[in-house]
Amino acid sequence: MPASLLTSSARTAARNAWAISPLGPGVEQYDGLPATVLADEPHRRLVRYDRATSATATRPVLLVPPLAVSARCFDLRPGQSLAAHLLASGRATYLVDYGQIGFADRAMGFETWIDDILPTAIQLVLADHAAAGDPVDGVDLVGWSLGGTMSLLTAAAHPDLPIASLTALGTPIDYTQIPAIQPLVVADRLLGTRAVTAPTAALGGVPRHLVRASYRAMAPKRELTKAVHLARNILDTEALARTLAIDGFIGEMPGYPGRAYHQIHTRLMVRNELATGIVRLSADREIRLRDVTAPVLFVGSATDNIADGPAVEAGASVVPGARYAAADGLSHLGLVAGPRASEVSWPLLDAFLERTS
C-alpha cells in the first residue's frame with residue numbers, strides 16, 4: 001500500500017474512531033426532513049413534510065408509526081427515509097407522532113388511537129391537503145408494525161372515514177407464527193394473565209428503558225457483534241452512519257401505556273384475535289376486520305425476526321380483498337428504513353399506491 005494511501009486511511013480511521021466514541025460528535029449529523037407542524041396536542045402531533053414543488057399524486061399519505069417506537073422510523077437518515085422517497089414520488093406526506101409515553105398515560109388503550117388520534121389526524125390531513133388546492137381523493141395510510149395494526153382497527157371501526165388505501169409493513173396478524181412471544185403465551189396460560197401482567201400494571205405500562213432493552217434482545221447477534229462490526233468498518237463512514245442511526249433510533253423509543261400493552265398481551269398475543277378477524281375491546285364492543293372497505297396491502301419478510309413473514313401474510317386471509325407482498329431479506333426495521341428498502345419494499349408500496357389510485 002502506498003504511503004500516502006496508508007496515511008489517508010490512518011487519518012480516516014482516527015477521525016471515525018473519535019466520532020463514534022462516547023465523547024465524539026458522531027459520523028453524521030441528520031436533523032430530519034424539514035416539516036410544518038399542523039397540530040401539536042399531546043400524543044397527537046401532526047406534521048406535513050415540506051416539499052419544493054406541488055404534489056402530483058391525487059392523494060396525501062399519512063405515515064402511522066407503532067406504539068413505543070420513535071417516529072424517526074420513517075425518516076431515519078439520508079437514503080433510509082421513506083418520507084423522503086414519498087415526497088420524491090410527488091406525494092404530499094404527513095406524519096402523526098405520539099411523543100413520549102409515561103405513567104400518566106397508563107389509561108391510553110387501543111380506543112385512544114382508533115377513536116381519537118388516527119381519525120382526527122386523517123381529517124386534518126384531508127383538510128390541509130384540500131386547503132392547499134390539491135385534488136382530494138381520500139388519504140393513503142402507511143403503517144409500520146403496530147402502526148399497521150392501529151390503522152386496520154381504525155379502518156374497521158370507522159368504515160366511513162376517508163381512507164383510500166392502507167399499507168401495513170411488518171404488521172403481524174397471526175401471533176402463533178411468532179416464536180419469540182410463545183414463552184410469554186405459555187406463561188400466561190400457566191400462571192394466568194393477572195400474574196403475568198402484574199409488573200406492567202404496577203408500572204403503568206412498559207417503561208421506555210425496558211422497551212429499548214427488549215428491542216435489542218430481539219436481535220442478539222447484532223448486539224453481540226456490534227463492536228466487531230464497528231471495528232471492521234472503521235474506514236467505511238457510510239456503514240458506521242447506518243449502525244449509529246439504528247442505535248440512535250432505539251435510544252429514542254418511548255414506553256407502552258398500560259392499557260394498550262394489556263390489550264396487546266391479551267387480545268393479540270394470547271388470544272390471537274386478529275387472526276380470527278374479530279378483536280374484542282370490551283364486553284360490548286367488537287371490531288371486525290371484515291368491515292375494512294379500503295384496499296389493503298400487507299408487506300412482510302421471511303427474515304423479519306420480530307414479525308415473521310407468515311405472521312404478516314395471514315392478513316391476506318383475514319381482511320377482505322387484501323394482498324400480501326414478500327420483501328424477503330429485510331429485517332423488521334429494514335422493511336421501512338433499511339439500506340435495501342428502496343430496492344425491495346418501497347417499490348411494492350409504490351406499485352400498490354399507483355394501482356389503487
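Think of each chain on its own: its residues are numbered from 1, step by step along the sequence as written. Since the coordinates come from a predicted model, pLDDT governs what is reported: local features require at least 70, and pairs of side-chain atoms require 80 or more to be given and counted, while whole-chain, interface and lining totals use all residues. Excluding hydrogens and water, the side-chain figures rest on all heavy atoms present in the structure.

- The name given to the chain in an unreviewed UniProt entry is Alpha/beta hydrolase, with the source organism recorded as Nocardioides ginsengisoli.

**Details of the pairing of strand β1 (residues 35–41)**
And step 1. Any two strands are treated as partners once DSSP identifies two or more bridges connecting them. The helix and strand labels rest on DSSP assignments: H or I over at least four residues marks a helix, E over at least two residues marks a strand, and numbering proceeds from the N terminus. Relative to strand β2 (residues 44–49), β1 runs antiparallel, the two sharing six bridges. In the strand pairing of β2, Val37 is matched with Val47.
And step 2. Between β1 and β2, which pair antiparallel in sequence order, lie two residues; one of them, His43, sits at a positive phi of approximately 65°.

**Focus on the pattern of salt bridges**
And step 1. Salt bridges are defined as contacts in which a side-chain nitrogen from Lys or Arg sits within 4 Å of a carboxyl oxygen from Asp or Glu. Tallied over the full model, the rule gives eleven salt bridges.
And step 2. Two residues, Arg48 and Asp128, come together in a salt bridge whose shortest N-O distance is 2.8 Å. Placement of Arg48 in strand β2 and of Asp128 in helix α3 (residues 110–131) is noted, with a sequence separation of 80 residues between them.
And step 3. A salt bridge links Arg288 to Glu286; its shortest N-O distance comes to 2.8 Å.
And step 4. What makes Arg288 partly exposed here is its relative accessible area of 26%.
And step 5. Each of Arg280, Glu286 and Arg288 takes part in salt bridges that share partners, so that together they form one network. Burial here depends on accessible area, computed with a 1.4 Å probe over protein chains only, as a share of the maximum for the residue type. Under 20% is buried, over 50% is exposed, and the range in between is partly exposed.

**Some thoughts on the nonpolar core**
And step 1. Counting 58 residues, the largest nonpolar core has Leu62 and Phe298 as its most contacted members.
And step 2. Discounting residues that sit within four places of it in the chain, Leu62 has contacts with Leu46, Tyr94, Leu95, Val96, Ala121, Ile122, Val125, Val139, Asp140, Leu141 and Val142. As used in this record, nonpolar core signifies buried Ala, Val, Leu, Ile, Met, Phe, Trp, Tyr and Cys residues forming a set joined through side-chain atoms within 4.5 Å. Every residue pair with non-hydrogen atoms within 4.5 Å of one another is taken to be in contact.

**Description of the environment of Ile287**
And step 1. When you line up the elements, Ile287 lands in strand β10 (residues 285–288).
And step 2. Taking the C-alpha atoms as reference points, Ile287 and His158, 129 residues apart in sequence, are found 9.6 Å from one another.
And step 3. Here Ile287 is in contact with Ile114, Leu153, Ala156, Ala157, Gly277, Ile278, Val279 and Leu281, once residues within four sequence places are set aside.

**Side note on the sheet that holds strand β5 (residues 139–144)**
And step 1. If you walk across this open sheet you meet the eight strands as β1-β2-β4-β3-β5-β6-β11-β12, and the pairing is mixed. Edge strands, defined here as strands with exactly one partner in the open sheet, are β1 and β12 (323–326). When strand polarity is set aside, the average angle formed by the axes of neighbouring strands in this sheet is 20°.
And step 2. Pairing of strand β11 (residues 296–300) with β12 involves four bridges; the strand directions are parallel. Only the contacting stretch of a helix is used when fitting its axis, a line to C-alpha atoms as for every element, and angles between N-to-C directions run 0 to 180 degrees.

**Comments concerning the packing of helix α6 (residues 193–203) against helix α10 (residues 258–270)**
The relative placement of two packed helices is expressed as an angle between their axes plus a distance between the axes.
And step 1. Following both chains from N to C, one finds α6 and α10 inclined at 150°, their axes separated by 11 Å at the closest point. Regarding the angle of α6 to α10, the classification is roughly antiparallel. α10 is crossed by α6, and the crossing has right-handed handedness. Contacts between α6 and α10 pair Thr193, Val196, Thr197 and Thr200 from the former with Tyr261, His262, His265 and Thr266 from the latter. With respect to orientation, any angle under 35 degrees is reported as roughly parallel, any angle over 145 as roughly antiparallel, any angle of 65 to 115 as roughly perpendicular, and every other angle as oblique. Left-handed describes a crossing whose near helix is turned anticlockwise from the far helix through less than a right angle; right-handed describes the clockwise counterpart.

**Points about the packing of helix α5 (residues 182–191) against α10**
And step 1. One can describe the packing of α5 onto α10 by two numbers: an axis separation of 11 Å at closest approach and a directional angle of 95°. When the axis of α5 is compared with that of α10, the two are roughly perpendicular. Here Leu184, Val185, Asp188 and Arg189 of α5 come into contact with α10, specifically with Tyr261, His265, Met269 and Val270.

**Here's the deal with unusual backbone geometry**
And step 1. Positive phi, normally seen in glycine, also occurs at Ala68, with a value near 60°.
And step 2. By the secondary structure assignment, Ala68 is in the loop between β3 (61–64) and α2 (82–88).
And step 3. With a relative accessible area of 5%, Ala68 lands in the buried category.
And step 4. The phi angle at Ser145 is positive, at roughly 55°, despite the residue not being glycine.
And step 5. Within the element layout of this structure, Ser145 appears in the loop between β5 and α4 (146–157).
And step 6. Overall, Ser145 belongs to the buried group, its relative accessible area being 12%.

**Some points on helix α15 (residues 346–356)**
And step 1. Inspection of α15 places Trp346, Leu349, Asp350, Phe352 and Leu353 among the buried residues, and these make up the whole buried set. Axial view of α15: buried residues confined to an arc of 165°, hence all on one face.
And step 2. The secondary structure elements touched by the buried residues of α15 are β3, α2, β5, β6 (163–169), β11 and α14 (334–337). The arc in question is traced by the directions running from the helix axis to the C-beta atoms.

**Overview of the side chain of Asp304**
And step 1. With respect to the helices and strands, the residue Asp304 is situated in the loop between β11 and α12 (309–313).
And step 2. Counted as positive: Lys and Arg. Counted as negative: Asp and Glu, with His and the chain ends omitted from the count. Summary of buried charges: Asp304 has no salt-bridge partner, and the nearest side chain of opposite charge, Arg340, is 13 Å away.
And step 3. At 3.0 Å, the side chain of Asp304 forms a polar contact with the backbone nitrogen of Ala307.
And step 4. When sequence neighbours within four positions are dropped, the list of residues in contact with Asp304 reads Gly170, Leu330, Ser331, His332 and Leu335. Between N or O atoms, a polar contact is any pair within 3.5 Å; within protein, one atom must be a potential hydrogen donor and the other a potential acceptor, and residues adjacent in sequence are included only when both atoms are from side chains.

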